[in-house]
Amino acid sequence: MAITDKTNASAKLLPVIEKPHNLPELLQTLSPSAINNYIKCQLRFYFERIARLREPDPPPTEIKANPFGTIFHRAADLMYTDKLIHRNNIITKETLQHFLQEEKNVAVERYVKQAFVDCEIVPNDIVEQVVKRYLLQLIRHDLKLAPFEIKGTELNTEVALSIPYGEKSVSITLKGNIDRLDLVNIDGITTLRVVDYKTGGKEEKPQNIDQLFTPAKNHPHYALQTFLYSLTLLDTAEWPIAPALFFVHRAAGEDYSPYISLGVRNTAKKVMNFADIATDFRAQLTQLIAQILNPDIPFTATPFED
């Protein structure tokens with residue numbers, strides 16, 4: 001084989017890894033990011049979840065890969081668990097307007113600076129100014145919803161799933177961390193929103209549930225992740241659950257909506273009550289996890305080279 005024959009070289013070097021016999025014991029818990037990684041590349045899932053390989057952290061003086069996301073998430077958490085939460089966790093228009101009117105937004109800036117400290121990231125003026133602008137955009141958007149109730153931020157949540165395994169079944173716990181859980185009034189209906197903040201990327205428009213579980217270059221991983229969070233709350237929630245992807249860098253428009261749509265073009269509908277799709281979603285998730293555990297299906301590389 002010629003050295004320049006990269007296609008054939010890549011094809012022959014791609015490993016196929018047989019699954020260990022005790023895989024259910026190794027995978028007693030799964031996160032939305034792990035499930036997305038399996039769909040993206042089964043070998044990546046193996047290296048991270050089974051072999052426990054980790055990329056080394058960058059040195060403290062180096063800016064991390066996504067400092068905007070890291071700092072924004074922490075600053076938003078500080079903001080909504082500090083002065084924005086009043087009696088009974090109700091967020092009022094007056095409180096939000098105060099933050100927008102405050103001289104040079106010093107309070108918002110303070111949360112951003114504290115986020116650098118908490119995340120152990122070296123301060124960076126550009127990152128600080130961008131995150132501050134993102135937080136102000138979040139506040140302006142929330143003004144349209146106020147008053148509303150914050151039920152939790154950076155909230156750990158989980159649900160046990162019964163997964164077929166040979167002639168029996170095993171219990172796998174789906175665990176997640178929700179950026180923000182709030183209770184809002186949408187068209188007269190009290191709705192529990194599962195809010196996932198995004199500081200990069202673009203809106204996803206999956207056509208159906210099948211697409212969420214099908215490997216593809218443009219796999220709608222953000223939507224799948226938020227639906228997985230919603231599933232962990234389904235059996236205990238007292239209200240309709242609305243999964244919401246809040247792209248802070250795209251939320252300036254008056255008609256911006258964070259709710260996820262399913263369907264094709266003009267027939268697409270926003271998922272304002274996760275229960276409407278939950279049965280199909282849970283069935284396909286169960287099928288996917290059963291595939292992950294199936295000892296007869298080895299871990300293979302993604303066909304998408306990029």
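What comes next is a walk through the structure. Everything numeric in this text was worked out from a predicted model, so none of it was measured.

### With respect to the pairing of strand β6 (residues 241-247)
Reasoning step 1: Taken across its seven residues, β6 has seven buried, putting it largely inside the fold.
Reasoning step 2: Side chains of β6 alternate between two faces, with I241, P243, L245 and F247 and A242, A244 and F246 buried alike.

### As for helix α8 (residues 125-143)
Reasoning step 1: Compared with an ideal rise of 1.5 Å per residue, which puts 19 residues at 27 Å, α8 spans 27 Å between its outermost C-alpha atoms and is within 8% of the ideal.
Reasoning step 2: The element α8 is largely enclosed, with a buried count of 14 among its 19 residues.
Reasoning step 3: A side-chain oxygen of the first residue of α8 lies 3.0 Å from the backbone nitrogen of I126; this N-cap is N124.

### A look at the pattern of salt bridges
Reasoning step 1: Within this structure, the stated rule accounts for 12 salt bridges.
Reasoning step 2: Between D182 and R180 there is a salt bridge whose closest N-O contact spans 2.9 Å.
Reasoning step 3: Relative accessible area serves as the criterion here: at 1%, R180 is assigned to the buried category.
Reasoning step 4: One continuous salt-bridge network, built from bridges that share partners, spans D142, R180, D182 and R193.

Analysis parameters
Residues numbered from 1 in each chain as written. Predicted model: local features only at pLDDT ≥ 70, side-chain atom pairs only at ≥ 80, totals over all residues. Heavy atoms only, no water. Buried < 20%, exposed > 50% of the residue type's maximum accessible area, 1.4 Å probe, protein only. Helix = DSSP H or I, 4+ residues; strand = E, 2+ residues; numbered from the N terminus. Expected span 1.5 Å × (residues − 1). Polar contact = N/O pair within 3.5 Å; in protein donor to acceptor, adjacent residues only side chain to side chain. Salt bridge = Lys/Arg side-chain N within 4 Å of Asp/Glu carboxyl O.

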